[in-house]
Amino acid sequence: MAQVSLKNVSKVFSGNVWAIRDINLGVENKEFVVIVGPSGCGKSTTLRIVAGLEEATQGDVYIGDQLVNDVPPKDRNIAMVFQNYALYPHMTVYENMSFGLRLRKYPRSEVDTRVKEAAAILGIEKLLNRMPRELSGGQRQRVAVGRAIVRKPIVFLFDEPLSNLDAKMRVQMRTEIHKLHIRLQTTMIYVTHDQTEAMTMGDRIVVMKDGIIQQIADPMNLYDKPVNKFVAGFIGSPPMNFIKGAIIGKDGKFYFNEGVFHVRIIDAMIPKLDAYINKEIIFGIRPEDIYDKLFVSSAPPENTIRATCEVVEPMGAEVYLHLNTGKNTMIAKVGGHDRPEVNQDMDLVFDMSKVHFFDKDTDNLIV
């Protein structure tokens, strides 16, 4: 079994710089877990501690049932794929992929079998006699993955492996790594700063900020139920719109008042917002939950606001509208047929069943 477990793991660099703080994470056997967050959040440090390339300042790391704090990287039965491929320029693809096995004195026949099996899985059989300089970025990354596969590790670690590739190749390699996980049925931990990679690849996603885990959840729960404003803003493209305002009551109904517009809050949310009546709060709504009134068959006036469309960004099947209420800016993601005039006022409908409210002092989700 290849579970990976981090218990109260912290890493402090010289100068009392905390890279990660009190990380608790359990990765199940055969699970694909993605660690995502902005640069400097500690995600690569966490991965390097699992690999044994960094030593934890405190806490324990287990691979399977074995405590590996003092086990050197070569004895952890893991394989790591790096961002920069790390191929030997003077060796052929075959030699690069077989180097680790030859170093461990594997029989030549087994080395040959493993390399050719990995090459077949990755579709690089015709590249085995080429040098790295003769390969494209995507081909080099396949070789790097192949070098990991031939070792038959119990855990694969990926440290931003696609960040050097162009957009089209990233999508292709993302799919190939996902299919590789299904085929190999091996535990994988994948680090990225790209939330699209995280959402499309991971069984579960670990969101980090400032060396601390913010939330661990499957992609849809992370998207629908973020625990705080950071997670809500980091997951989703374009990001969630955040607007400061106050909750006010009028004639037995409750509204979020932005200052220029107000929209009615659905009754089911009121009990959890009771302590915030007449207080400042943060309102969050995703771009896809804002609609052009022209394309809504039944638009409640209480959910409708007026804003100026400042920029129209056609994206093919969808269009991003950059809007200004006079006090705040926001983005709506609408259908590709919806292209209003720039600098014209338009009516927008909020789906109030999809909104989020956050505490303005703690940034934590309220409802």
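This text gives an overview of the structure that appears in the document.

Quick notes on the rules
Residues numbered from 1 in each chain as written. Predicted model: local features only at pLDDT ≥ 70, side-chain atom pairs only at ≥ 80, totals over all residues. Heavy atoms only, no water. Helix = DSSP H or I, 4+ residues; strand = E, 2+ residues; numbered from the N terminus. Buried < 20%, exposed > 50% of the residue type's maximum accessible area, 1.4 Å probe, protein only. Polar contact = N/O pair within 3.5 Å; in protein donor to acceptor, adjacent residues only side chain to side chain. Contact = heavy atoms within 4.5 Å. Axes fitted to C-alpha atoms, helices over the stretch in contact; angles between N-to-C directions. Parallel < 35°, antiparallel > 145°, perpendicular 65-115°, else oblique. Left-handed = near helix turned anticlockwise from the far one by under 90°. Nonpolar A, V, L, I, M, F, W, Y, C, P; charged D, E, K, R; others polar. Pairing = 2+ DSSP bridges.

## Brief notes about the side chain of glutamine 215
- Its location among the elements puts glutamine 215 in strand 10 (residues 212-217).
- A residue is classified by how much of its surface remains accessible, and glutamine 215, at 9% relative accessible area, is buried.
- Among the polar contacts listed, one links the side chain of glutamine 215 to the backbone oxygen of lysine 225, at a separation of 3.1 Å.
- Among the polar contacts listed, one links the side chain of glutamine 215 to the backbone nitrogen of valine 227, at a separation of 2.9 Å.
- What glutamine 215 contacts, discounting residues up to four positions off in sequence, is Ile205, Val206, Val207, Asn221, Leu222, Lys225, Pro226, Val227 and Val231.

## Things to note about the packing of helix 4 (residues 137-149) against helix 5 (residues 167-184)
- Contact geometry for helix 4 and helix 5: axes closest at 11 Å, N-to-C directions at 20°. One element, helix 4, and the other, helix 5, form an angle in the roughly parallel class. For helix 4 against helix 5, the interelement crossing comes out right-handed. Where helix 4 approaches helix 5, its residues Gly138, Gln141, Arg142, Val145 and Ile149 are matched on the opposing element by Met169, Gln172, Met173, Glu176, Leu180 and Leu184.
- Here the residues of the contact of helix 4 with helix 5 sort into 6 nonpolar, 3 polar and 2 charged.

## Some details on the sheet that holds strand 3 (residues 32-36)
- Ordered in space as 6-7-8-3-9-10, the 6 strands form an open sheet in which the pairing is mixed. Of all strands in the sheet, those bounded by a partner on one side alone are strand 6 (78-81) and strand 10. Each adjacent strand pair in this sheet contributes to an overall mean axis angle of 15°, direction not counted.
- Sheet topology places strand 7 (residues 155-159) next to strand 8 (residues 187-192); 5 bridges connect them, and they run parallel. Counterpart to valine 155 in the pairing with strand 8 is threonine 187.
- Against the sheet, helix 4 engages strand 6 and strand 7, with an angle of about 175° to strand 6.
- Helix 5 contacts strand 3, strand 7 and strand 8 of the sheet and is inclined by roughly 165° relative to strand 8.

## Remarks on the packing of helix 2 (residues 93-103) against helix 4
- Orientation of helix 2 relative to helix 4, taken along the N-to-C sense of each, is 30°, at an axis distance of 8 Å. If you check the angle between helix 2 and helix 4, you find them roughly parallel. Crossing of helix 2 against helix 4: the hand is right-handed. Residue-level contacts link Val93, Asn96 and Met97 of helix 2 to Val143, Gly146 and Arg147 of helix 4.

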